[in-house]
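Observations on chain architecture
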2 protein chains.
Amino acid sequence: MEMKELYDQYETYIDHEVTLSGWIRNHRKQKEFGFIDLHDGSCFATLQCVYGNELTNFAEIQTYRVGSTVKITGILIPSPAKGQKVELKATKVELLGDCLENYPIQPKRHTKEFLREQAYLRPRTNLFQAVFRLRSVISMAIHSYFQEHNYVYVTTPLLTTADCEGSDQMFKVTTLDMNHIPMDEEGKVDFKEDLFRKETFITGTGQLHGEAFAMAFRNIYTFGPTFRTEKSNTKIHANEFWMSEPEIAFCDLDQLMDIEEDFLKSVIRYVLDHCPDEMKFLDQFVEKGLLDKLNNVLTSNFVRIDHKDAIDLLLKANKDWEFTPSYEGDIAKEHEKYLTDYFHGPVFIKNWPKDIKAWYMKLNEDGKTVAAVDLVVPSAGELMGGSQREEDYDRLMERISTMDVDRSTIEWYCNLRAYGTCVHSGFGMGLERLVMYITGVDNIRDAIPFPRTPGNCEF
Amino acid sequence: MEMKELYDQYETYIDHEVTLSGWIRNHRKQKEFGFIDLHDGSCFATLQCVYGNELTNFAEIQTYRVGSTVKITGILIPSPAKGQKVELKATKVELLGDCLENYPIQPKRHTKEFLREQAYLRPRTNLFQAVFRLRSVISMAIHSYFQEHNYVYVTTPLLTTADCEGSDQMFKVTTLDMNHIPMDEEGKVDFKEDLFRKETFITGTGQLHGEAFAMAFRNIYTFGPTFRTEKSNTKIHANEFWMSEPEIAFCDLDQLMDIEEDFLKSVIRYVLDHCPDEMKFLDQFVEKGLLDKLNNVLTSNFVRIDHKDAIDLLLKANKDWEFTPSYEGDIAKEHEKYLTDYFHGPVFIKNWPKDIKAWYMKLNEDGKTVAAVDLVVPSAGELMGGSQREEDYDRLMERISTMDVDRSTIEWYCNLRAYGTCVHSGFGMGLERLVMYITGVDNIRDAIPFPRTPGNCEF
């Protein structure tokens, strides 16, 4: 049986014989008995298994190393030890898989840097048991929210021949032999031999495709891997990460903020319900006050403030900013922190200066700002970025030509405005950012099973 | 309000005023009144909206074209027309977005080939409303099954510097300027300038990484996009598709088949529960007998047969095979069809000749076969492929060297057998194959929102 099943109904198993298979997390040996902390991966907790020298292979059991796989049969009994309700009085301990003595994951504190070098083993530690189960549960919370609200999950393509995002920010993809790239007469790559017969990239967003589906299914969302070629070695950048991009027809910026707020609260509630043990551990050992922070989000109403009013606030703050707040400029990390501190919770910053935002965002009446909104949250900064999309064909065309976007590969996208356009909005949320916010881990490398960062594509 | 909400509780809305926004699917005009079939994407059905010449903008409404976006207010009334319970007696019809006259999706039968060329508009047709909502619901059924059974969702990386799958089958990924690839002294690409400083690929499987996580979480699954460079222009091949790869610790081949069977039945049950309208449409217009086929799966016990016994059967069949069945060989499409016909349902074919299967599969006692299993289903062929993995370090090493696999980049994978190995198994299932099986569409291009096939990476 699985340990989770046992713990879920431990009272019914007391005084009964059970058999568990798992890995030795810790092994304390004494002369006449020993203690094995067994972990089987099905839940966060371990189970203490006590064996005595009445077992015929007692001496052999004492040689079982941490990390080994064992099968233990025994009687579940109430535990005399503090902090655990039950323990297993072993009647049989069997070795299933030995573990070499040089096993890197020993029952002691390892640095996160060391564990990153053991990426394939680190999920066996408490920290990564918590983080990666939460990553899974958060992913499910995202799917559940959207499916329960009648959104259609759309898997948008990663391969694209459109370079409207700027090809230098996208990975190039080829089936050509890179050692012998065929060149045309002008000395440029001859892509005729390549699989798609065109220069091909990995796209950085599914939004454009998502919009096409929102015009058919009303509410849709994407959720999949996303790629950036950025050479940033920071705590919040990775070259491969996951993102969800909902897109909603007949939805303006105000309604979008309603959805974002409801969505975030729903995910947090789901996580607190499903992972109490993991969250308790993280609250205790990773971010003190984590649970308070999240519970506070559940009961707060997110502030909604215009970009220009946010700048007013920042300028009035009379602080010694590293980056001077500007009505035409972005909001820096230090500004986000000030604003979330000031309002004691998540803040929507909306109606941004058009020149620093994307071409597809809806131009406001003032002609100066676009209907974009960023959600910034305490300690993690920007969590979601969204906008109402420009639904007017002519105004979209104007923006495209002003901002020098290559129209040729997105004609179809523009046509959505000619074939039954409607007010619509959407946002994007990086899964890792949310995982970091909810688990308290402060480095994206610890929020991704096998992170890819510049110079680092191991495992 | 959304149309789904209205239909879900239509009785409570009868004689009440409601307002709906959506697109005109069909528009029949008569002298004194008109009929608009409104579709808002929230459900499969449309709603008939009747408007009369008492409306002040009656003449204008009559000019609204198919594909346009409208907002209609009216009183919901029981419908006198056959095949629909309610209709809307419009009191106000407002144009939100016009539709050009050249709109390709007219209320008539379009060929699937034509619709593929309109990939961004085809989700607005009945066929693709059904198929793509089902794709979404099937995806959710997959997540639900695994999460309810306490599996951890692992997002394995797509970018890899390991070419153990054979680099000619993988896409190469680079940030180098392809027009000016830097070369080293030996005339080979100098990857020092590339983002990961090594030759990089898109992997074709998450299994190896999944195994590492199964050794920590016991039950895990992946679900994400997968890539193949195959130049096959068939109905079942695409270069980008989605795959789920569960991996289960303490699970042998028999238990794996139990899981696969339970999983498939659960997904079918979920789909029949959640999409009755879509399934009815597909049963009627795409694959006659579709519902019977799926209901039959729910009540059948899947046959389990050794590869050699399957070959026996095929040879005894005394048929004029295009491919002669062979004890050392693969099972062709025509063989799969014979076997599923013969057993009237899904068939597990297990214990395959080792030379035609992968290096990581567990060698059976006979030294000739491996503990692999393919699930073949009526009409769709192979739906899942799985195996028990070789958990013994030495035997794995032997297979690796016999089959000439490059060990250098998978040392970590092999080490899983040195650090607490255990019997474990997993399978892979292509989402599109399952979508085709459940919806009855027979071309993978119609099961993927924006398909990528050789020479075709449009939209």
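Quick caveat: nothing in here was measured; it's all calculated off a predicted structure. (Residues numbered from 1 in each chain as written. Chains lettered and ligands numbered in written order. Predicted model: local features only at pLDDT ≥ 70, side-chain atom pairs only at ≥ 80, totals over all residues. Heavy atoms only, no water.)

**What to know about the overall build of chain A**
What chain A contains, in helices and strands, is 14 helices and 16 strands. Overall, the C-alpha framework of chain A stretches about 85 × 60 × 45 Å when taken along its three principal axes. Looking at chain A as a whole, 62% of its 459 residues are labelled buried. For chain A, contacts bridging at least 24 residues in sequence account for 67% of all contacts bridging at least 6. If you sum the accessible surface of chain A, you get close to 18700 Å²; carbon and sulfur atoms cover 47% of it. (Helix = DSSP H or I, 4+ residues; strand = E, 2+ residues; numbered from the N terminus. Buried < 20%, exposed > 50% of the residue type's maximum accessible area, 1.4 Å probe, protein only. Contact = heavy atoms within 4.5 Å. Areas by Shrake-Rupley, 256 points an atom, 1.4 Å probe, with all protein chains shown as cover.)

**Some thoughts on helix α5 (residues 126–148) of chain A**
With 23 residues, α5(A) should cover 33 Å at 1.5 Å per step; its first-to-last C-alpha distance of 32 Å lies within 8% of that length. Of the residues trailing α5(A), A:N150 is marked for its positive phi of about 65 degrees. (Expected span 1.5 Å × (residues − 1).)

**Side note on the relation of the copies chain B and chain A**
Of the transformation placing chain B onto chain A, the axial shift is 0.0 Å and the rotation is 180 degrees, giving an RMSD of 0.0 Å. Taken together, the rotation angle and the small translation identify this as a two-fold axis. Among all residues of chain B, the minimum C-alpha distance to the rotation axis is found for B:V173, at 2.4 Å. (Least-squares fit on C-alpha atoms with pLDDT ≥ 70 in both.)

**A word on the packing of aromatic side chains**
The tally for this structure, following the rule as stated, stands at 66 aromatic pairs over all chains. For the ring pair A:Y51 and A:F58, a centre distance of 5.6 Å and an interplane angle of 55 degrees mean the geometry is tilted. With relative accessibility at 11%, the residue A:F58 sits in the buried group. An aromatic cluster of at least three residues, connected via ring pairs, comprises A:Y120, A:F128, A:F132, A:F450, A:F459, B:F213, B:F217, B:W359, B:Y360, B:W412 and B:Y413. (Phe/Tyr/Trp six-rings, centres within 6.5 Å; stacked < 30°, edge-to-face > 60°.)

**A few points about the side chain of A:E260**
Residue and element names in this part refer to chain A. With respect to the secondary-structure elements, E260 resides in helix α7 (residues 253–274). One buried charged residue, E260, forms no salt bridge at all, with the nearest opposite charge on R389 at 8.5 Å. Dropping the residues within four chain positions of it, E260 is found in contact with F348, V373, L375, M384, G386 and F427. (Lys, Arg positive; Asp, Glu negative; His and termini not counted. Salt bridge = Lys/Arg side-chain N within 4 Å of Asp/Glu carboxyl O.)

**Digging into the interface of chain B and chain A**
The partner chain A presents 110 residues to the 110 residues of chain B that form the contact. Each partner contributes to the roughly 9300 Å² buried at the junction of chain B and chain A, and carbon and sulfur atoms together form 62% of this total. Across the contact surface, chain B and chain A share six salt bridges. The tally of links between chain B and chain A comes to 57 residue pairs in polar contact (both at pLDDT 80 or more). Counting residues per element, the side of chain B that touches chain A draws most heavily on helix α5 (residues 126–148) of chain B, at twelve residues. Across the side of chain B that touches chain A, the residue classes break down as 54 nonpolar, 37 polar and 19 charged. Pairing of strand β8 (residues 172–174) of chain A with strand β8 (residues 172–174) of chain B involves three bridges; the strand directions are antiparallel. (Buried area = accessible area lost by both parts, 1.4 Å probe. Polar contact = N/O pair within 3.5 Å; in protein donor to acceptor, adjacent residues only side chain to side chain. Nonpolar A, V, L, I, M, F, W, Y, C, P; charged D, E, K, R; others polar. Pairing = 2+ DSSP bridges.)

**Describing the packing of helix α7 (residues 253–274) of chain B against helix α14 (residues 431–439) of chain B**
All names here are of chain B. Where α7 meets α14, the axes come as close as 12 Å, and the angle between the chain directions of the two elements is 55 degrees. Accordingly, the angle class assigned to the pair α7 and α14 is oblique. As for the relative orientation of α7 and α14, their crossing is right-handed in sense. Of the residues in α14, those in contact with L264, V267, I268 and V271 of α7 are L434, Y437 and I438. Each residue belonging to the contact of α7 with α14 can be placed in one class, and the counts come to seven nonpolar, no polar and no charged. (Axes fitted to C-alpha atoms, helices over the stretch in contact; angles between N-to-C directions. Parallel < 35°, antiparallel > 145°, perpendicular 65-115°, else oblique. Left-handed = near helix turned anticlockwise from the far one by under 90°.)

**A few points about unusual backbone geometry**
A positive phi is found at A:R218, a non-glycine position, where the angle reads about 70 degrees. Of note, A:R218 is situated in the loop between α6 (207–217) and β10 (219–227). By relative accessible area, which is 9% here, A:R218 ends up buried. In the Ramachandran plot, B:D404 falls in the positive-phi region, its phi being about 60 degrees despite a non-glycine side chain. Examined against the element boundaries, B:D404 turns out to sit in the loop between α12 (393–402) and α13 (411–415). Note on B:D404: relative accessible area 72%, which makes it exposed.

**Thoughts on the sheet that holds strand β16 (residues 424–430) of chain A**
Residues and elements named next belong to chain A. Taken in spatial order, the eight strands line up as β6-β10-β11-β16-β15-β14-β13-β12 in an open sheet, and their pairing is mixed. Two strands lie at the open edges of the sheet, namely β6 (152–153) and β12 (303–306), each paired on one side alone. Along the sheet, α6 contacts β6, β10, β11 (240–249) and β16; its crossing angle with β11, the most-contacted strand, is approximately 30 degrees.

**Quick look at the sheet that holds strand β5 (residues 86–97) of chain A**
Residue and element names in this part refer to chain A. Read around the closed barrel, the five strands follow the order β1-β2-β3-β5-β4; overall the barrel is mixed. Each adjacent strand pair in this sheet contributes to an overall mean axis angle of 55 degrees, direction not counted. Sheet analysis places strand β2 (residues 33–39) next to strand β3 (residues 47–52), joined by six bridges and oriented antiparallel. Within β3, the position partnered with I36 by the bridge is C49.

**So, the environment of A:S401**
With respect to the helices and strands, the residue A:S401 is situated in helix α12 (residues 393–402). Distance from A:S401 to A:P157, taken between C-alpha atoms, is 26 Å for residues 244 residues apart in sequence.

**Some points on the pattern of salt bridges**
This structure, assessed with the given rule, holds 62 salt bridges over all chains. A salt bridge links A:K337 to A:D341; its shortest N-O distance comes to 2.7 Å. A residue pair is termed a helical-turn pair when its members lie 3 or 4 positions apart in one helix, as A:K337 and A:D341 do in helix α11 (residues 333–343) at four residues. A:D341 gets classed as partly exposed once you look at its relative accessible area, which sits at 41%. Note that B:E101 is salt-bridged to B:R65, the shortest N-O span being 3.9 Å. Here B:E101, found in the loop between β5 (86–97) and α4 (112–117), pairs with B:R65, found in the loop between α3 (58–61) and β4 (69–78); they are 36 residues apart in sequence, far enough to count as distant. What makes B:R65 partly exposed here is its relative accessible area of 29%.

**Some details on the side chain of B:E261**
Note that B:E261 resides in helix α7. Separated by 2.9 Å, the side chains of B:E261 and B:K265 make a polar contact.

**Re the packing of helix α9 (residues 290–299) of chain B against α14(B)**
Residue and element names in this part refer to chain B. Two numbers describe how α9 lies on α14: the axes approach to 8 Å, and their chain directions differ by 115 degrees. Each of L290, K293, L294 and V297 in α9 lies in contact with α14, whose residues at this interface are Y437, I438 and T439. Here the contact of α9 with α14 is composed, by residue class, of five nonpolar, one polar and one charged.

**Looking at the pairing of strand β1 (residues 17–29) of chain A**
Two faces make up the sheet, and in a regular strand the side chains alternate between them. Residues and elements named next belong to chain A. Two elements, β1 and strand β4 (residues 69–78), share seven bridges in a ladder whose sense is antiparallel. The residue bridging W23 from the neighbouring strand is T69, located in β4. As defined by bridge partners, β1 adjoins β2 across six bridges and the pair is classed as antiparallel. Counterpart to I24 in the pairing with β2 is L38.

**Considering the state of the cysteines**
All names here are of chain B. A complete count under the given rule lists zero disulfides over all chains for this structure. The thiol of C49 is not disulfide-bonded; the next cysteine sulfur, from C43, is found 12 Å away. Lacking any disulfide linkage, C275 is separated from the closest cysteine sulfur, that of C43, by 12 Å. Overall, C275 belongs to the buried group, its relative accessible area being 1%. (Disulfide = S-S within 2.5 Å.)

**As for the environment of B:T19**
Residue and element names in this part refer to chain B. For T19, the location among the structural elements is in strand β1 (residues 17–29). You can call T19 partly exposed: its relative accessible area is 28%. Between the alpha carbons of T19 and T91 there is a distance of 9.8 Å; along the sequence they are 72 residues apart. Beyond its immediate sequence surroundings of up to four residues, T19 is in contact with M1, K71, I72 and T73. Within the structure, T19 has its side chain in polar contact with the side chain of T73 (distance 2.9 Å).

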